[in-house]
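Okay, here's what each chain looks like letter by letter:
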Amino acid sequence: MSLLRIEGLELTIGDTRILEDIALSLDAGDVLGVVGESGSGKSLTALSIIGLLPEGARLSGRIAIDGREVVGASESALTDLRGDTVGMIFQEPMTALNPLMTIGDQVAETIVVHRRAGWSGARKTAAAVLERVGLPSSQISPDRYPHELSGGQRQRVGIAMAVALKPRLLIADEPTTALDVTTQAQILALLRALARDEEMGLILISHDLAVVAQMADTIAVMQGGRIVEQGESSAIPGRLKHPYSRALFEASTHLPPKRARERGEMLLSVSNVVRDYPLPRRAFWEAKRALRAVDDVTFCIDRGENVGLVGESGCGKSTLARAIVGLETVQSGQIMLAGRPVAGLHNTAFITRRDMQMVFQDPYGSFNPRHKVGRLVAEPLHLLGRDAPDGAARSRSVTNALEQVGLGSADADKFIHEFSGGQRQRIALARALITAPALVVLDEAVSALDVSIRAQILDLLAELSGRLGLSYLFISHDLHVVRAITDRVLVMRAGRIVEAGATETVFASPRHAYTRALIAAAPTFGRA
Amino acid sequence: MSAVAVESAGLWRAALRSPAVLVGGMLSLAIVVLAAVSLVWTPYPIDGVAIGARFAPPSWTHWLGTDHFGRDLASMIMVGARTSIAVALVAVGVGVVLGVPLGLAAAAVRGSAIDEVIMRGNDLVFAFPALVIAILITAVFGPGAVNAIIAIGIFNIPVFARLARGAALSLWTREFVMAARLAGKGRALISVEHVLPNIANTLIVQATIQFSLGILADAGLAYVGLGAQPPIPSWGRMLAEAQTMIALAPHVAIVPGLAIVLTVLGLNLLGDGLRDLFDPRLRGVRR
Amino acid sequence: MTAFLFQRALSFAISVVVASLVVFVVLEVVPGDPAAFMLGLNAAPDTVAALREQLGLDAPVWMRYLGWIGGIFTGELGTSYTYRVPVAELIAARLWVSVPLAAYALTLSTLIAFPVGILAAARRGSAVDAGVMGGTQLGIAVPNFWFAMLLVLVFSVTLRWFSAGGFPGWDAGAFEGLRALTLPAIALALPQAAILARVMRSALLDTLEEDYIRTARAKGLTRGQALWRHAVRNALIPVLTILGLQFSFLLAGAIIIENVFFLPGLGRLVFQAISARDLIVVRSVVMLLVIAVILVNFLVEIAYSLVDPRLGRRV
């Protein structure tokens, strides 16, 4: 008998049908991967299994865990099930833990509510569980609070809470999406080891086909609330049948065609740049402290060249990007664009900054929701001062910019909320292009997009760079994307550039240990 | 996702479906209309003393009855509304006009000495409740309606400054503000063009609430003799005068109190309703 | 933690000093000659001179300020011009009415507001919740001094359960004293409780949306367990903020309510002092009120750091 058997599962919330005819099964000790883009229903499938659905949800069909039926079960039967038979791990390690409770107590609580055990005994067990997930009390005391831990450590606490009672089934909903790639590799290894050692069934939910392919025995691909394909994960990459799952695979391994571009003279030069942030003093009698976010960074970008900047969160890559475009003042060093300093007197800086624009990560936060697209796209024209076109000339340049990114003049009269995430990144590009810059800084510009949309935007970027002779500084934590689009790559760690070189050379034979670790940790197809 | 996803036409439709906005808006409007009408007409003159008609209970001739001088309470309430509304409205105006720019400026230069000075100044003003400010002013300059306006107005400044700063700070971290800086726009221009319009809803809601708090505070100050002085009628003074006769003629004390309750209730309902309306996240949650 | 406490204490001290400067400037510098101001226009010049002498007004302004500040620490606040008794004695006697009244009201409003707010949040959308929301909406709109008058009308004039005002003094026994303060405390507490209950409810509803509540439920906690063990403590943080801010309203309310019930508290004292232009009494009472507000905000900050481990350890 399988550990989990789901048959004909349907879920509606209000009047909206969320899940349709879901059928899944999982044996003890096996790993089931569920893949899909945002809105595919993968998370709600997981929440259905433990009966934690939003208000107004109606569930029908069958979900049997160890032969026990979940659909229609009483609330008390469900609370018995949750945490004891089924453990669940969530995506956001930053918010998934109670900030006011020690990590040891949060793990112990699972034991207390199910075993009617006293707190002192439960705390001892909790310490052992924390040790099992890689947080030995000699290093991380169970008396610590969540804010004192890193993201990866918090996710380990989340895992400890879920596995404290050795559940039969463990559900991990995007457990590593919010983590850096090296941390992701460690957490995935831990999950795999736990499932194997404790003979647990593991459901791993992810948007990342590569992560799932590397972990799962069987895989289910979801789209629009349905499972479109289900099978052995060894079918990836070659033998996926359904057109959607094939498209998903192709999009996640997509490489835009690289065109031979003409390399011109030097465009951007960054020399010995340092950026410090003052830290709050713990007490006024202590010396001033500072965090060095960017530490003596030197590099340059030629005209027409696409340079990647990779590193994990907090390495200083975004600070460096903002310093380059003049949004941050640097403590020392110099940044020159086409021979002119970026941080100059007001007017000279304006002239320099016309040649340089930026695209941000968040397709929702990048636009003032009260302005129409035409006004949003035209905003950088402010840099032209008196030379800025007005009237018909202004709307012509807006239309021109919109057309370059595959949108039309009619879109200028719409509000930003009428557009999808992918379209918004196109509009962000149009805004960046309106001053006809030579350099565009892309700060995690495709990271928030689903893979299929991401592939389209990458194609657009490659095409624009070729056609307009644009240079990019492409900042990302995603090695695959950087490899796809850049000619040269810089690897950044703790404020310093640790390795630089032609993209293919760096990826094929990394010299620095950190680069090697990054490349090894990045999930790829084909089981490691 | 974005709080402004609702266009103005949709907002009006939603407003007409919200009972809180409807009831609150109508109550508030009714009081304002009564106060405005009293400028040209009241059922009876309010300065006429008619000892014979004193303490008349509500009737067809005197809808709300008469007080110890035989004055018509309905007329007194109408004229008193004028004072209360004027005091509360000007006090809100003082708070908005001085507080919002301070808050915007503090947010625009977050962490700087200017920010520090503005915020410390706010903390200091917060240490003086409106009543204490009124006591200070009255002790030196004597009582009057202007005192009430100044006292409540000063109290409102840090309320709006803190609110504006807090709301603006979260906007300053948004990428669209960064895009505007990238376009070479200065902090003042960004504050006006990008920040202020996006915090306007929050400010409107708070203004409604401060308006109702102003009505309450004005009544309290007038009651203890720190606000409007006779012969200017005010709801607070009416209550103070009625207090000694409460056993004899309870309606004289009940009527002005009800006027205050209805006004404040209307404004609060309007404020809460607008908040729900402006924040789609809250829509449907409250009911 | 000690660094945190030290910092907070320092900022408390600075606030008090700056506030005292404001009070001093308004009451001692703005009127020009305080002695002439207090005695009015018709005072004889030698009377004014005598008062100037008694108040030490011939000393430079900064000396007078330092003398006053020093007096706050030593309890030498001068002699009331109208009562002819030391101000410190006058205030101390009145504090025995005002402080118990405020404490009584604060206790009542917290005891009412917390359970009501938690109940409404736990039963969100139910008839109970709707009733609480309606009742509190009304409670916020009622001026507390008018509510006090209604209480007098019902419980003193009609039912004769309580006296309509006055205070027998604590010498008459704790019970009699509390009895005299009961109606005033209720009048103060109910509107306050209405605000607090609404804040409690909405803070709880916000925390119930947090990810860690879902985590707790996934561990097998019931809705109620998740509410009590995880949501309530997290919701306390915004509630404490409001409680601190509300204290100044409570203080103002207490001063006004004392007038309704003819209680011999600070409120009566300060209004009588204003009409008598007794600035010596006014400045000390005002300073006391301001210190109380600043002190409560200081205590709220300390309370934060006890509730929230993220504060205090590192600032």
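Computed from a predicted model, the values in this text were never measured in an experiment. (Residues numbered from 1 in each chain as written. Chains lettered and ligands numbered in written order. Predicted model: local features only at pLDDT ≥ 70, side-chain atom pairs only at ≥ 80, totals over all residues. Heavy atoms only, no water.)

Please set out the environment of Gly29 of chain A residue by residue, giving values where relevant.
All names here are of chain A. Relative to the elements of secondary structure, Gly29 occurs in the loop between β2 (16-26) and β3 (31-35). Taking the C-alpha atoms as reference, Gly29 lies 29 Å from Gly224; in sequence the two are 195 residues apart. Every residue in contact with Gly29, bar those within four places of it in the chain, is listed here: Ala195, Glu199, Met200, Gly201 and Asp217. (Helix = DSSP H or I, 4+ residues; strand = E, 2+ residues; numbered from the N terminus. Contact = heavy atoms within 4.5 Å.)

I'd love a proper account of the sheet that holds strand β17 (residues 439-443) of chain A, names of residues and values included.
Residues and elements named next belong to chain A. The strand order β16-β17-β18-β13-β19-β20 describes an open sheet built from 6 strands, whose pairing is mixed. Strand pairing shows two members of the sheet lacking a second neighbour, β16 (356-359) and β20 (496-502), which therefore form its edges. Here the average twist between neighbouring strands, direction ignored, is 15°. Inspection of the sheet shows β17 paired to strand β18 (residues 471-476) by 5 bridges, in the parallel sense. When the bridges of β18 are listed, Val441 appears paired with Leu473. Across the sheet, helix α9 (residues 317-324) touches β13 (306-310), β16, β17, β18 and β19 (488-493), and the angle it forms with β18 is around 155°. (Pairing = 2+ DSSP bridges. Axes fitted to C-alpha atoms, helices over the stretch in contact; angles between N-to-C directions.)

Give a description of the packing of helix α5 (residues 87-122) of chain C against helix α8 (residues 174-208) of chain C that names residues and reports values.
Residues and elements named next belong to chain C. For the pair α5 and α8, interaxial distance at closest approach is 5 Å and the crossing angle is 35°. The two elements α5 and α8 meet at a crossing, and its hand is right-handed. Split into classes, the residues belonging to the contact of α5 with α8 amount to 28 nonpolar, 5 polar and 1 charged. (Left-handed = near helix turned anticlockwise from the far one by under 90°. Nonpolar A, V, L, I, M, F, W, Y, C, P; charged D, E, K, R; others polar.)

Give a detailed account of helix α1 (residues 42-49) of chain A, specifying residues and quantitative values.
All names here are of chain A. Most of α1 sits out of view: 7 of its 8 residues are buried. Looking only at α1, the buried set comprises Lys42, Leu44, Thr45, Ala46, Leu47, Ser48 and Ile49. One or two positions beyond α1, positive phi appears at Gly51, with a value near 65°. (Buried < 20%, exposed > 50% of the residue type's maximum accessible area, 1.4 Å probe, protein only.)

Talk me through the pattern of salt bridges; I want residue IDs and the actual numbers.
All names here are of chain A. Summed over all chains, the structure comprises 45 salt bridges over all chains. Residue Arg168 is joined to Asp66 by a salt bridge in which the shortest nitrogen-to-oxygen separation is 2.7 Å. Of the two residues, Arg168 is situated in the loop between α5 (151-163) and β7 (169-173) and Asp66 in the loop between β4 (57-65) and β5 (68-69); the sequence distance between them amounts to 102 residues. Residue Arg168 is classed as partly exposed on the basis of its relative accessible area, which comes to 33%. (Salt bridge = Lys/Arg side-chain N within 4 Å of Asp/Glu carboxyl O.)

Account for the interface of chain B and chain A, with residues named and values stated.
Contact residues are listed per partner, giving 22 residues for chain B and 25 residues for chain A. Interface area, chain B with chain A, both sides summed: about 2,200 Å², of which 58% is carbon and sulfur. If you look at where chain B meets chain A, you find 2 salt bridges. A salt bridge links Glu379 of chain A to Lys185 of chain B, with the shortest nitrogen-to-oxygen separation between them at 2.9 Å. Counting every contact that joins chain B to chain A gives 13 residue pairs in polar contact (both at pLDDT 80 or more). It is helix α7 (residues 175-182) of chain B that provides the largest number of residues to the side of chain B that touches chain A, a total of 7 residues. (Buried area = accessible area lost by both parts, 1.4 Å probe. Polar contact = N/O pair within 3.5 Å; in protein donor to acceptor, adjacent residues only side chain to side chain.)

Got a sec to walk through the domain arrangement of chain A? Specific residues and values, please.
Residue and element names in this part refer to chain A. When its domains are assigned, chain A resolves into domain 1 (4-253) and domain 2 (266-521). Once you take the C-alpha centre of each, domain 1 and domain 2 turn out to be 35 Å apart. Between domain 1 and domain 2, the contact holds 11 residues from the first and 10 residues from the second. Considering only the side of domain 1, the residues that lose the most area to domain 2 are Glu37, Asp180 and Val181, jointly responsible for 44% of the buried surface there. Where domain 1 touches domain 2, the interface holds 0 salt bridges. Linking domain 1 with domain 2 are 6 residue pairs in polar contact (both at pLDDT 80 or more). For the side of domain 1 that touches domain 2, the secondary structure elements donating two or more residues are α6 (181-198) and α8 (243-252). It is α6 that provides the largest number of residues to the side of domain 1 that touches domain 2, a total of 4 residues. Looking at the side of domain 1 that touches domain 2 residue by residue, the class counts come to 4 nonpolar, 5 polar and 2 charged. (Domains from an automatic or database assignment.)

Explain the interface of chain C and chain B to me, and be specific about the residues and the numbers.
The partner chain B presents 38 residues to the 44 residues of chain C that form the contact. Of the roughly 3,700 Å² buried between chain C and chain B, counting both surfaces, carbon and sulfur atoms make up 81%. Where chain C touches chain B, the interface holds 1 salt bridge. Measuring nitrogen to oxygen at the nearest pair gives 2.8 Å for the salt bridge that ties Arg198 of chain C to Asp272 of chain B. The interface formed by chain C and chain B includes 4 residue pairs in polar contact (both at pLDDT 80 or more). Elements supplying a minimum of two residues to the side of chain C that touches chain B: α1 (2-29), α6 (127-141), α7 (144-158), α8, α10 (223-260), α11 (266-275) and α12 (279-307) of chain C. Here the side of chain C that touches chain B gets 8 residues from one element, more than from any other, and that element is α10 of chain C. Looking at the side of chain C that touches chain B residue by residue, the classes come out as 37 nonpolar, 4 polar and 3 charged.

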